[in-house]
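So you can see what is in the structure, the chains are spelled out below.
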Amino acid sequence: MRPLFIAGNWKMNPGTSEAAVALAEAVKAGVGQETRVRVALCPPSVFLNAVDGVLENSPIGLGAQNMHWKADGAYTGELSGSMLVDAGCTHVILGHSERRHGMHETSQEVNEKLKAALAAKLIPIVCIGETLVEREAHKTDEVVGTQLEESLKGLTAEEMNGVVLAYEPVWAIGTGKTATPAQAQHVHAFIRSMLREIFGEATASRVIVQYGGSVKPENAADLLACPDIDGSLVGGASLKAADFLGIINAGLAVTAKGKA
Ligand code: PGA
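These numbers were taken from a predicted model, which means no experiment stands behind them. (Residues numbered from 1 in each chain as written. Predicted model: local features only at pLDDT ≥ 70, side-chain atom pairs only at ≥ 80, totals over all residues. Heavy atoms only, no water.)

Q: Sorry, what's going on with the packing of aromatic side chains here?
A: Any two aromatic rings considered together are summarised by their centre-to-centre distance and by the angle between their planes. Within this structure, the stated rule accounts for 1 aromatic pair. Look at Tyr167 and Tyr211: their rings are 6.2 Å apart centre to centre, the planes differ by 55°, and that puts the pair in the tilted class. With a gap of 44 residues between them, Tyr167 in strand E6 (residues 164-167) and Tyr211 in strand E7 (residues 209-212) connect regions that are remote in the sequence. In this structure Tyr167 comes out as buried when scored by relative accessible area, which is 0%. (Phe/Tyr/Trp six-rings, centres within 6.5 Å; stacked < 30°, edge-to-face > 60°. Helix = DSSP H or I, 4+ residues; strand = E, 2+ residues; numbered from the N terminus. Buried < 20%, exposed > 50% of the residue type's maximum accessible area, 1.4 Å probe, protein only.)

Take a look at the structure:
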């Protein structure tokens, strides 16, 4: 049975380290020593050190939102995997749609970053997902499949065991429109079938695939109860401790009941 994994992607929020510390403290207090659902916080990189300090003696992981594929050198404005580890990171989000679409990041670059993240011993959270235009053109499986193949290219089954995937339909991110549990489960099952084809059954059954896109305390339980949805990557609702804890509690309730 795969454990549920709930990660908060704070994006370019909150505005100050003081607010970041307060948010992390509130989440830490709510999670306590609970480990039946895995949790990670992904603050802006300038707040990583401060949040790492808060998360001492907590099972909550710390993630960055991006990294460069090179280990060091003349890459102005970039951060390497080893720098993130030094700042306390356990995880790193790669290929978020806001980077793929806003910063023109390609799956080839995501693939380079993924290999560098694994070399640095970080757990990558690799995001894939279709736009509304692609969904309406019935190209969801094709787009998601190509992103998956290209982003994971060259990885061994063993390396894949250390990778988390996040299916995030672009049209559902920050829009208040959530994929229905049936829509999300369909794509998650497709992702798992591709993992089976590429890496074999043992790996496919172990890889955690999060859903992301307007996840809230009210819709989390129905999404998390789907057989191939193993957690969520939460944006907006991770900025309010009560909402984020509500999603974690939904995950705990689903875990306690077991999946259908
Ligand atoms: P959202 O963002 O929860 O605000 O839709 C999710 C994400 O972008 O990871």
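Q: Just checking my understanding: could you explain the pattern of salt bridges for this structure?
A: Oppositely charged side chains are able to pair whenever their charged atoms sit close together. Inspection of the entire model under this criterion finds 9 salt bridges. Notably, a salt bridge pairs Arg135 with Glu130, separated by 2.8 Å at the nearest N-O pair. Here Arg135 matches Glu130 in class, with each residue buried. Linking Arg196 and Glu201 is a salt bridge whose minimum nitrogen-to-oxygen distance equals 2.6 Å. (Salt bridge = Lys/Arg side-chain N within 4 Å of Asp/Glu carboxyl O.)

Q: Which parts of the structure should I look at to understand the side chain of Glu105?
A: Checked against the element boundaries, Glu105 lands in the loop between helix H4 (97-102) and helix H5 (107-119). In this structure Glu105 comes out as buried when scored by relative accessible area, which is 6%. Of the polar contacts made by the side chain of Glu105, one reaches the side chain of Lys113; its length is 3.0 Å. Excluding anything up to four places from it in sequence, Glu105 contacts Asn66, Gly95, Arg99, Arg100, Val110 and Lys113. (Polar contact = N/O pair within 3.5 Å; in protein donor to acceptor, adjacent residues only side chain to side chain. Contact = heavy atoms within 4.5 Å.)

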